Amino acid sequence: MMFTAYVIVTAITITANAGIAAADFARAGFVLANSAEVGVPRSWLPWLGTLKAAGAAGLLLGVLGARPLGLAAATGLTAFFLGALAAHIRAGVYHNIAFPGAYLTLSAASLSLTATH
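Conventions we followed
- Residues numbered from 1 in each chain as written.
- Predicted model: local features only at pLDDT ≥ 70, side-chain atom pairs only at ≥ 80, totals over all residues.
- Heavy atoms only, no water.
- Helix = DSSP H or I, 4+ residues; strand = E, 2+ residues; numbered from the N terminus.
- Contact = heavy atoms within 4.5 Å.
- Core = buried A, V, L, I, M, F, W, Y, C linked by side-chain atoms within 4.5 Å.
- Buried < 20%, exposed > 50% of the residue type's maximum accessible area, 1.4 Å probe, protein only.
- Expected span 1.5 Å × (residues − 1).

Peer 1: I would appreciate a short explanation of the side chain of Asp24 in the present structure.
Peer 2: With respect to the helices and strands, the residue Asp24 is situated in helix H1 (residues 2-26). When neighbours within four sequence positions are excluded, Asp24 is seen to be in contact with Val31, Leu45, Leu48, Gly49 and Lys52.

Structure, rendered in structure tokens:
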């Protein structure tokens, strides 16, 4: 049962992070607007997208058997999205804080399930 929860939650986390990484690489309008609001320079977007994509890839490799890599990826994504929440709070941008909050929740759930399964 715990393994099934791990796979399902981690698959959702992988999909969400791969999707938002693609949006970062494509410089989607909503990404540019959000970045400007919270004070993240456009030049950072490829780096941020790379971190999210690497996290998604690490989670996938973890599900496929490289558990330490999955644990490291889940830890990194959790830290990343804590930073994203901090950026929103620092900038006073609360109208869309649920988005980094949701990514943080998925990452933390993946971390917890990776560590305990």
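Peer 1: Could you clarify how one ought to interpret the nonpolar core in this entry?
Peer 2: Where a protein is soluble and globular, its nonpolar side chains tend to be buried together. In this structure, Ala23, Val31, Leu59, Phe81 and Tyr103 are the most contacted members of the largest nonpolar core, which totals 23 residues. Those elements giving two or more residues to this core turn out to be H1, helix H2 (29-38), helix H3 (45-63), helix H4 (67-91) and helix H5 (98-116). Ranked by the residues each element gives to this core, the list is headed by H4, at seven residues.

Peer 1: Is there a simple way to explain H3 in this structure?
Peer 2: At 3.6 residues per turn, the α-helix brings residues three or four places apart onto the same side. Spanning 19 residues, H3 covers 27 Å between terminal C-alpha atoms, matching the ideal 27 Å at 1.5 Å per step. All of the buried residues in H3 are Leu45, Leu48, Gly49, Lys52, Gly55, Ala56, Gly58, Leu59 and Gly62. Looking one or two places after H3, you find Gly65, whose phi comes out positive at around 130°.

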